[in-house]
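Inside the fold
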Amino acid sequence: MGALGIDLGNSNTVVCTGRSELVLEEPSVMLLRASRGRRVKVAAIGHDARDLVGRTSAEVTAMRPLHDGVITDLDTAQAFIRAVLRKLAPHRWQRIRTTAVIGVPLGATPLERRALLEAAEEAGLHRPVLLAEPIAGAIGCGVDPLDRRTHLVVDVGGGTAEVTAFCFGEVLAHRSSRIAGDEMTLAVYHHLRERHGILVGEIDAEDIKIRCGTAEGPTIAVAGRDAATGRPKLVTASIEEIQEAVRPVTDAIVQTLASCMDDLPPQSVGDVLAEGLLAFGGGSLLRGFHERLDEALGFSVKPAERPLTCVAEGAASALRNQSLLESFRGW
Ligand SMILES: Nc1ncnc2c1ncn2[C@@H]1O[C@H](COP(=O)(O)OP(=O)(O)OP(=O)(O)O)[C@@H](O)[C@H]1O
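Residues numbered from 1 in each chain as written. Predicted model: local features only at pLDDT ≥ 70, side-chain atom pairs only at ≥ 80, totals over all residues. Heavy atoms only, no water.

If you tally the helices and strands in the chain, you get twelve helices and 18 strands. Here the chain has a C-alpha radius of gyration of 21 Å; the compact-globule value for 331 residues is 20 Å, and the two agree. In terms of principal-axis extent, the alpha carbons of the chain reach across some 60 × 60 × 30 Å. Counting all 331 residues of the chain, 50% fall into the buried class. (Helix = DSSP H or I, 4+ residues; strand = E, 2+ residues; numbered from the N terminus. Rg over C-alpha atoms; globule rule 2.2 N^0.38 Å. Buried < 20%, exposed > 50% of the residue type's maximum accessible area, 1.4 Å probe, protein only.)

Here it is in C-alpha cells:
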C-alpha cells in the first residue's frame, strides 16, 4: 500500500493513498463477537457494522474506537485500525512497511497522542506520524499552512468542533468544544419527542438532520414510535422548526469561534476578515450552517469542497512534505 493519509474520526474513518486517491470512507464502528473460550473477534466494521447495530445477538457488541477524537481503549483502537488495513489490503505482504500520516485533534494531550501512535504501530503501520486535524483539513482544501497570512478554520466533526488559527507553520490560537454534530442529532431527537411526541432511534435522528439539507419541500416525514403508547407513528416536521431546534448548537460553535478570534493579534484579525473562515467536517454540512456563521460573525464563511474527506486528503499530501510535518510536529 505504501503510504496513507488517515482521518480516524469519532463518526467516520477516511483513508487516502499517497496519490490522494480516496480508498475508504466508512463509519467508525466495529462489531466484536465474544465466543466462549476464544479471543474476541471482529465481526464487522464500517458500513456493515453500522447497519447491524441493534440487530445482533447478545454476544455481539458495537464499539467505537474513539471518544471525543481520542483513544480511550488501546485494544479497541488497535483492532479497528488493523481491520481497516486488512479491508484495504487483505494479504499480509501488501501491508508490509505501510506508513501513514494520521490526523489527531489539536487539543489531544501528549498521552493521547502516544496512545494513537502505539495503537497504529501495533496494528501494523510502519513509523506513523501525527498531524493536527485542522492543519490536515486546511491542506486538503488547498491552503498552505506555511503561508505568511493567518488562516482561520473550523472543523465540525461528530464529537468535537475545533477552531484553529495558524500562520507560517505556527498555531496562533485554538479552541475546542464538545458541542458538535452529535449534539445536533441529539437536539433533533429531543425536539421530535417534545414537539411531536415521537421517539426515533439515534441513527434515524441523524438521518433526519441530514435529510433536512437535501429536502426539496418545506417539510419532511418522520417515522418512529408514539412516546406515550409505543405504537408506530408518522408525523410531518417542518425544516424550519428542525433548524430552530439545532440553533443552540450552532450558537455554541459561534461562541467557540468568537473566543478563538479574541486570542488573535490585530494583524491576524485583519487577515481573517479579508480571507474569511474555512469550514469543514460533516457538521458544517448542516442546512443553514454557513449562513448562520456569516450572520453572527460578520465575515465570510468558505465551505470546503469536500468537507468529509479533506482531513485524510491533507494528511496524504503532507506525506510528501517533510518540512510541514516538522513544523507542526509539536501541535
Ligand atoms: N449532510 C449533513 N448534514 C448535517 N450533518 C452532517 C451531514 N453529513 C454528516 N453530518 C454530521 O457530521 C458528523 C460527522 O462528521 P465527520 O465525519 O467530519 O466527523 P469525525 O471526523 O468522524 O468526528 P470528530 O471530528 O469529532 O472525530 C456527524 O455528526 C454527522 O451526523
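Back to the write-up after that little detour.
On to the site of the ligand. Residues in close proximity to the ligand total 19 residues, the closest being Asn10, Ser11, Asn12, Glu206 and Lys209. Contact between the ligand and Ser11: an oxygen atom at 2.7 Å from a main-chain N or O atom of the residue. Contact between the ligand and Lys209: an oxygen atom at 2.7 Å from a side-chain N or O atom of the residue. In isolation the ligand exposes 650 Å². Once the protein is present, 92% of that is buried. For the shell around the ligand, the secondary-structure elements that each account for two or more residues are α6 (181–196) and α7 (202–214). The leading source of residues in the shell around the ligand is α7, at three residues. Of the residues assigned to the shell around the ligand, the class counts are four nonpolar, twelve polar and three charged. (Near = heavy atom within 4 Å. Polar contact = N/O pair within 3.5 Å; in protein donor to acceptor, adjacent residues only side chain to side chain. Areas by Shrake-Rupley, 256 points an atom, 1.4 Å probe, with all protein chains shown as cover. Nonpolar A, V, L, I, M, F, W, Y, C, P; charged D, E, K, R; others polar.)

The topology assignment puts Asp147 in the loop between α5 (133–140) and β11 (151–156). Of the polar contacts made by the side chain of Asp147, one reaches the side chain of Arg149; its length is 3.0 Å. In this structure Asp147 touches Cys167 and Phe168, once residues within four positions along its chain are discounted. (Contact = heavy atoms within 4.5 Å.)

Here α6 spans 22 Å end to end across 16 residues, near enough to the 22 Å set by a 1.5 Å rise per residue. For α6, the full list of buried residues reads Gly181, Met184, Thr185, Ala187, Val188, His191, Leu192 and His196. Buried positions in α6, seen along its axis, are confined to an arc of 155° and lie on one side of it. Positive backbone phi, approximately 60°, marks Gly197, located one or two places after α6. (Expected span 1.5 Å × (residues − 1). Arc of directions from axis to C-beta.)

Turning our attention to the UniProt feature "binding site: ATP" (unreviewed entry) in the chain. The sites that carry the UniProt feature "binding site: ATP" (unreviewed entry) are, in the present numbering, Gly158, Gly159, Thr160, Glu206, Asp207, Ile208, Lys209, Gly282, Gly283, Ser284 and Leu285. Within the element layout of this structure, Gly159 appears in the loop between β11 and β12 (161–167). A residue is classified by how much of its surface remains accessible, and Gly159, at 7% relative accessible area, is buried. By secondary structure assignment, the location of Gly283 is in the loop between β17 (277–280) and α10 (289–297). Residue classification places Gly283 among the buried positions, given a relative accessible area of 8%. Not counting chain neighbours up to four residues away, the residues in contact with Gly283 comprise Val156, Met184 and Phe289. (UniProt positions renumbered as here; feature names shortened; annotations may be inferred.)

What follows deals with the side chain of Thr150. With respect to the helices and strands, Thr150 occurs in the loop between α5 and β11. At 2.9 Å, the side chain of Thr150 forms a polar contact with the side chain of Ser268.

Attention shifts here to the sheet that holds strand β3 (residues 22–27). Read across the open sheet, the five strands follow the order β3-β2-β1-β9-β10; overall the sheet is mixed. Each edge of the open sheet carries a strand with a single partner, namely β3 and β10 (129–132). The mean inter-strand angle of the sheet, taken between neighbouring strand axes irrespective of direction, is 20°. Inspection of the sheet shows strand β1 (residues 3–8) paired to strand β9 (residues 99–104) by four bridges, in the parallel sense. Bridge pairing in β9 places Ile6 opposite Ile102. Helix α2 (residues 74–88) rests against β1, β2 (12–17) and β3 of the sheet, and its axis sits at about 135° to β3. Against the sheet, helix α4 (residues 110–122) makes contact with β1, β9 and β10, and its axis sits at roughly 150° relative to β9, the strand it touches most. (Pairing = 2+ DSSP bridges. Axes fitted to C-alpha atoms, helices over the stretch in contact; angles between N-to-C directions.)

Tracing the chain through its elements places Pro307 in the loop between β18 (301–303) and α11 (310–318). Taking the C-alpha atoms as reference points, Pro307 and Ser11, separated by 296 residues in sequence, lie 14 Å from one another. Beyond its immediate sequence surroundings of up to four residues, Pro307 is in contact with Phe280, Gly281, Gly282, Ser284 and Leu285.

Next up on the list: the domain arrangement of the chain. With domains assigned, the chain is organised as domain 1 (3–28 + 64–135 + 312–327), domain 2 (150–179 + 248–307) and domain 3 (181–244). One C-alpha centre belongs to domain 2, the other to domain 3; they are set 27 Å apart. Listed by partner, the interface residues are 14 residues for domain 2 and twelve residues for domain 3. Both sides of the domain 2 and domain 3 interface together cover about 900 Å² of buried area, and 62% of this is carbon and sulfur. Summed over the shared surface of domain 2 and domain 3, the number is zero salt bridges. There are six residue pairs in polar contact (both at pLDDT 80 or more) connecting domain 2 and domain 3. Per element, the largest residue contribution to the side of domain 2 that touches domain 3 is three residues, and it comes from helix α8 (residues 239–262). (Domains from an automatic or database assignment. Buried area = accessible area lost by both parts, 1.4 Å probe. Salt bridge = Lys/Arg side-chain N within 4 Å of Asp/Glu carboxyl O.)

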